[in-house]
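Residue-level listing of the chains:
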Amino acid sequence: LLGRLVRDYRKFGSPRTNISIGAIRLSRDEKTNYIATIYADAPNAHWESNPKAYTVRKVIVTNKSVLKQRLASGGGAAISITKATKDQLKGLKKL
C-alpha cells in the first residue's frame, strides 16, 4: 500500500498531513522481485525544528509486500520501485 501525501494548512498555518491510501499491483507473478528505495522522515524529523532530517533505505518487495510508513508532523515519503536483477538483491532485506 502506498499513500498519496496531501498537505493542508490549518487556520494558523500549522501543517497537517493527511494520507489517502491506495494500492499498486506490482505484478501477478509471485516470483518477480522489485527494489523499493524509500525516502522517509527520520525519527527526529519535524517540520519546524528539524525539517531536513530524512532516511533512505532499500528493501526487496514483491506483489505481497505491504509498507507501513511513519510520517513526521508536516512530513512525507517518496518511494522509487524498480524491477530487480539477481545481483541487485544481494545484501537487501525483504519487506
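Before reading further, recall that the structure is shown in the block above.
S.K.: What is the right way to look at the environment of T82 in this model?
M.R.: With respect to the element layout, T82 can be found in strand β5 (residues 77–83). Judged by relative accessible area, T82 falls into the partly exposed class, the value being 41%. For the pair T82 and N33, spaced 49 residues apart in the sequence, the C-alpha separation amounts to 8.8 Å. Not counting chain neighbours up to four residues away, the residues in contact with T82 comprise Y34 and I35.

S.K.: Whenever I open this one, the environment of I38 confuses me. Can you help?
M.R.: Inspection of the secondary structure assignment puts I38 in strand β3 (residues 34–41). Considered as a pair, I38 and R57 are 19 residues apart in the sequence and their alpha carbons are 5.3 Å apart.

S.K.: Sorry, what's going on with the sheet that holds β5 here?
M.R.: Within a beta sheet, neighbouring strands are joined by backbone hydrogen bonds and run either parallel or antiparallel to one another. Strand order in this open sheet of 3 strands is β4-β3-β5, and the pairing throughout is antiparallel. The open sheet is flanked by β4 (54–61) and β5, the only strands paired with a single partner. The mean inter-strand angle of the sheet, taken between neighbouring strand axes irrespective of direction, is 15°. Inspection of the sheet shows β3 paired to β4 by 8 bridges, in the antiparallel sense. By the bridge assignment, Y39 is partnered in β4 with V56.

Here is what the cut-offs are and how they apply
Residues numbered from 1 in each chain as written. Predicted model: local features only at pLDDT ≥ 70, side-chain atom pairs only at ≥ 80, totals over all residues. Heavy atoms only, no water. Helix = DSSP H or I, 4+ residues; strand = E, 2+ residues; numbered from the N terminus. Buried < 20%, exposed > 50% of the residue type's maximum accessible area, 1.4 Å probe, protein only. Contact = heavy atoms within 4.5 Å. Pairing = 2+ DSSP bridges. Axes fitted to C-alpha atoms, helices over the stretch in contact; angles between N-to-C directions.

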